[in-house]
Structures are given as C-alpha cells and as structure tokens.
Amino acid sequence: MIQSLIPRFGEPVKLADYDPRRVDGEWDKKSAEEQIAKNTEASRELAYRLYAEDRRALLLVLQGMDTSGKDGTIRTVMTGINPQTFQITAFKQPSEEELDHDFLWRIHKAVPRRGHVGVFNRSQYEDVLVVRVRNLVPESEWKSRYRRINEFEELLVDGGGTLMKCFLHISKDEQRERLQARLDDPSKRWKFSKGDLAERTLWDDYQQAYEAVLSKCNTPLVPWYVVPSDRKWYRNLVVSQIFRETLEKMDPQIPPPEEGLDGIVVE
C-alpha cells in the first residue's frame, strides 16, 4: 500500500495524475473499518514500546486543503494511544512573537520529545503554501524555504526522529460538498467561515503550491505520501496503515529491567 503512494523522487509532481477517489484493492467501508481497528490496536502497543524505549520519536505531518480531513484522520489514527505519550500541534496564523523569529522557530519548539509521537495539523509547509499563494513574503524568501525545510527534516532524522508526511488529496468537487454540508448542518455550521470561500477561489494556486512541495521536499529520507481522501474511510485506512507500518519499521523495544529484581516481594 505504501510505495504506490510515494511520488517518484526528483521528478515533478502533477496532482492531476493522482485520483483522489482511488481505492487500491478490494476494500469497502466495512472491511476498511475492521482493518483500521486492527491497525490502531497494533499502533497502540508499538507507541507504548516507543515510550518505554525513550530513544526515538515519531512525527506525523498532515497537510491538505480545507475539509481534507486532518482532524478526522487524527481522531481515527490516534485512537487509544496514551495521551501522555503524544501531542497534537495545530499551526495557524503565526503570532507576533513567532513572526519575530525565523519561520522554523515555532515548528522546532513543537517537535516531539524522545519516546513520544507528535502530530502536526498543518506544519512548516504553511510557509511555502499560504505564504506563497497570498504573497506574504518576497518570492526569493519562500523559494529558499524548500531547501531549509529539507535540511530541517534531515536534522530531525539525524537526531533520532522519524517523519511521516501525508498529503490528504481531495477534489474540488468533494470540497464543495463538504463545505455545503457544514452550512446545511446547524451542529457543524460553526466550522464554516466566509474566509473558506475566499480560499476556495485560490484552488488552482494552492494546487500549484502543493505540487511544488511534493516535488521539492519529497526525499528518500523523508518521503511524502499522497493519500486519496475523497472517501473518508479509505483515507483513514491508508494513514492508519502507514502509521502502523512506520512504527513496525522503527521496531521499538522494551528496555531490559534493572538487575536483581528476582525474588523481590512487595509488601
């Protein structure tokens, strides 16, 4: 499941080549939910071992257009994991303090500590996405950030981190349906903003910005996964499977106990 989702390294990415409604294999919603349950159970045990080992960290990066399902993916994939062993960071518009530092300052502060799993709901890539589309910094600045992001991610890996980057790929028609559903459901209308419509008019610009990200920051050390996300159940299946397989590849080990414990009786 994993390899077919990774763009070819060193080649330009065209999102038109990726079907957001694609389903590999004979999966349906029911069988996917059963496999997701197995994945989350296995990931829970692996995350516990990662915490006990306390030598490495795992960072899950989620990017995607509005309504692509970042929150829903987090709720599903992280089910049952001890909240003491992971943290979620949502990167919104930077604060005045954050703007007074380099663009990676706030990102580095949120990197998970050893033994922990971190989840980024949006990430360092906002600084080559919305910044580019909205012309918030000079072109020469945002163009230099691809290299700096790659170097930053290499630094994290050298320090014992593993990065798992997922682009949740949805179609423009699917986004329209999801935005309309928010408007039509009184219990979800709070999630809708008029600003969402303004961002939607820039759809093509954002697609080009994402294509640049997926082309320039997709490396063998830290690859991108382009996750078909028009079907929520398949999106959750894919990300949960990658998450599980990433932890399995890390293969964290429970540390050996302190010597001399045999025969001790706690009274």
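Definitions and limits used
Residues numbered from 1 in each chain as written. Predicted model: local features only at pLDDT ≥ 70, side-chain atom pairs only at ≥ 80, totals over all residues. Heavy atoms only, no water. Helix = DSSP H or I, 4+ residues; strand = E, 2+ residues; numbered from the N terminus. Expected span 1.5 Å × (residues − 1). Buried < 20%, exposed > 50% of the residue type's maximum accessible area, 1.4 Å probe, protein only. Patch = residues over 30% accessible without salt bridge, like charges linked within 9 Å, V, L, I, M, F, W, Y side chains within 5 Å. Areas by Shrake-Rupley, 256 points an atom, 1.4 Å probe, with all protein chains shown as cover. Salt bridge = Lys/Arg side-chain N within 4 Å of Asp/Glu carboxyl O. Lys, Arg positive; Asp, Glu negative; His and termini not counted. Charge placed at Lys NZ, Arg CZ, Asp CG, Glu CD. 1 Å grid on protein atoms, 1.4 Å probe; cavity = no way out; pocket = protein on both sides within 12 Å on 5 of 7 lines; lining within 4 Å. Points joined across faces, edges and corners; volume = space filled by probe spheres on them. Nonpolar A, V, L, I, M, F, W, Y, C, P; charged D, E, K, R; others polar. Pairing = 2+ DSSP bridges. Axes fitted to C-alpha atoms, helices over the stretch in contact; angles between N-to-C directions.

(A) Highlighting helix α9 (residues 203-216). Relative to the 20 Å expected for 14 residues at 1.5 Å per residue, α9 spans 20 Å between its end C-alpha atoms, a close match to the ideal helical length. Those residues of α9 lying buried are Trp203, Tyr206, Gln207, Ala209, Tyr210, Glu211, Ala212, Val213 and Leu214.

(B) How the structure looks around a positive patch on the surface. On the surface, Arg75, Lys188, Lys191 and Lys232 cluster together into a patch of positive charge. Turning to its location among the elements, Arg75 is positioned in helix α2 (residues 70-77). Among the residues examined, Arg75 registers a relative accessible area of 61% and is labelled exposed.

(C) Structural context of the layout of surface pockets. The volume enclosed by the largest pocket comes to roughly 1,600 Å³. Lining the largest pocket are 50 residues; nearest its centre among them are Asp66, Lys70, Lys92, Asn121 and Arg122. In the lining of the largest pocket, the residues fall into 15 nonpolar, 12 polar and 23 charged.

(D) Highlighting the pairing of strand β3 (residues 117-121). Most of β3 is tucked away: 5 of the 5 residues are buried. Burial of the side chains of β3 extends over both faces: Val117, Val119 and Asn121 are buried on one face and Gly118 and Phe120 on the other. In terms of strand pairing, strand β1 (residues 57-64) meets β3 through 5 bridges, oriented parallel. Paired with Leu58 across the bridge in β3 is Val117. Bridge analysis of strand β2 (residues 86-90) against β3 gives 5 bridges, and the strand direction is parallel. Each bridged residue has a counterpart across the sheet, and for Thr89 the counterpart in β3 is Phe120.

(E) Fine view of the sheet that holds β1. One open sheet accounts for 5 strands, arranged β2-β3-β1-β4-β5; its pairing is parallel. What marks the edges here is a single partner per strand, and that holds for β2 and β5 (224-228). This sheet shows a mean twist of 20 degrees between the axes of neighbouring strands, independent of strand direction. Direction of pairing for β1 relative to strand β4 (residues 161-169): parallel, over a ladder of 8 bridges. Across the sheet, residue Gln63 finds its bridge partner in β4, namely Phe167.

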